[in-house]
Amino acid sequence: MKKYLIIFLTLAFSFGAGFITIKFYSYIFAVKVDGRIERVERVTSPTAILGDIPSSQVFSFAVAVKNSEGEIFSASSEDRQWAIAEKGQCATVKFFPYPPWEFDKAGTFFNARLLKLKDCM
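Predicted, not measured: the structure shown is a model, and the values here were computed from it.

Turning to the environment of Leu 115, a few remarks are in order. Positionally, Leu 115 belongs in strand E5 (residues 109-118). Residue Leu 115 is classed as partly exposed on the basis of its relative accessible area of 48%. In the structure, Leu 115 is positioned 23 residues away from Thr 92 in sequence and 5.4 Å away in space, judged by C-alpha atoms. Beyond its immediate sequence surroundings of up to four residues, Leu 115 is in contact with Lys 32, Thr 92 and Lys 94.

Glancing now at a nonpolar patch on the surface. A cluster of nonpolar side chains, Phe 19, Ile 20, Phe 24, Tyr 27, Ile 28 and Phe 29, forms an exposed patch at the surface whose accessible area comes to about 650 Å². At the level of secondary structure, the elements contributing two or more residues to the nonpolar patch comprise helix H1 (2-23) and helix H2 (25-28).

This part takes up the state of the cysteines. Each disulfide consists of one covalent bond between the sulfur atoms belonging to two cysteines. The final tally for this structure, using the stated rule, is one disulfide. Between Cys 90 and Cys 120 runs a disulfide, and the two sulfur atoms are separated by 1.8 Å. The disulfide joining Cys 90 to Cys 120 has a torsion of about 115° about its S-S bond and is therefore right-handed. With Cys 90 in strand E4 (residues 90-97) and Cys 120 in the segment after E5, the pair connects residues that are 30 residues apart, well separated along the chain.

A few words now on the side chain of Gln 89. Structurally, Gln 89 is set in the loop between strand E3 (72-77) and E4. Using a relative accessible area of 17% as the deciding quantity, one classes Gln 89 as buried. Of note is the side chain of Gln 89, whose polar atom sits 2.9 Å from the backbone nitrogen of Glu 86.

Time to look at unusual backbone geometry. For Asn 111, which is not glycine, the phi torsion reads 55° and is therefore positive. Following the sequence through the fold, Asn 111 ends up in strand E5. Here Asn 111 falls in the partly exposed class, since its relative accessible area comes to 26%.

What follows covers the environment of Cys 120. Accessibility expressed as a relative area gives 23% for Cys 120, which makes it partly exposed. Taking the C-alpha atoms as reference, Cys 120 lies 7.5 Å from Gly 88; in sequence the two are 32 residues apart.

This part covers the pattern of salt bridges. Taken as a whole, this structure holds two salt bridges when the rule is applied. The closest approach of N and O atoms between Arg 39 and Glu 41, which form a salt bridge, is 3.1 Å. On the basis of relative accessible area, Glu 41 is assigned to the partly exposed category, the value being 37%. Note that Asp 79 is salt-bridged to Arg 113, the shortest N-O span being 4.0 Å. With a gap of 34 residues between them, Asp 79 in the loop between E3 and E4 and Arg 113 in strand E5 connect regions that are remote in the sequence. According to the relative accessible area criterion, Asp 79 is buried, its value standing at 6%.

Turning our eyes to something else, we now look at the packing of aromatic side chains. Per the stated rule, a full pass over the model turns up eight aromatic pairs. Measuring from ring centre to ring centre gives 5.7 Å for Phe 73 and Phe 95, while their planes differ by 25°; the resulting arrangement is stacked. Here Phe 73, found in strand E3, pairs with Phe 95, found in strand E4; they are 22 residues apart in sequence, far enough to count as distant. Note on Phe 73: relative accessible area 10%, which makes it buried. One aromatic cluster is present, built from ring pairs that chain together Tyr 27, Phe 96, Tyr 98 and Phe 110.

Here is what the cut-offs are and how they apply
Residues numbered from 1 in each chain as written. Predicted model: local features only at pLDDT ≥ 70, side-chain atom pairs only at ≥ 80, totals over all residues. Heavy atoms only, no water. Helix = DSSP H or I, 4+ residues; strand = E, 2+ residues; numbered from the N terminus. Buried < 20%, exposed > 50% of the residue type's maximum accessible area, 1.4 Å probe, protein only. Contact = heavy atoms within 4.5 Å. Patch = residues over 30% accessible without salt bridge, like charges linked within 9 Å, V, L, I, M, F, W, Y side chains within 5 Å. Areas by Shrake-Rupley, 256 points an atom, 1.4 Å probe, with all protein chains shown as cover. Salt bridge = Lys/Arg side-chain N within 4 Å of Asp/Glu carboxyl O. Disulfide = S-S within 2.5 Å. Polar contact = N/O pair within 3.5 Å; in protein donor to acceptor, adjacent residues only side chain to side chain. Phe/Tyr/Trp six-rings, centres within 6.5 Å; stacked < 30°, edge-to-face > 60°.

Structure (structure tokens):
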């Protein structure tokens with residue numbers, strides 16, 4: 001009886017850990033980058049929008065940040081804080097990776113979150 005209980009608990013733990021990893025993959029493997037903003041571009045121009053466009057598209061940005069090792073991280077974002085960020089400023093940014101089972105987006109990032117913005121010294 002004790003043997004079956006151990007097997008059941010092991011399987012339950014394994015399935016639980018697998019579910020959490022699959023469900024929260026992007027949060028578990030998020031990358032925090034300190035570096036200089038290379039570019040911040042608004043994806044849609046607010047003056048060209050006619051009709052009912054969701055605010056997520058109005059505040060959609062493409063972001064590129066270069067870390068101290070010269071590696072450039074890029075992602076899309078719907079974070080309104082990017083509207084005030086400018087090229088050349090230093091920032092701490094959290095990049096969330098797409099999971100590897102999304103084949104067309106695997107290895108890329110989304111939802112770049114601006115954590116800290118400062119002037120570079």
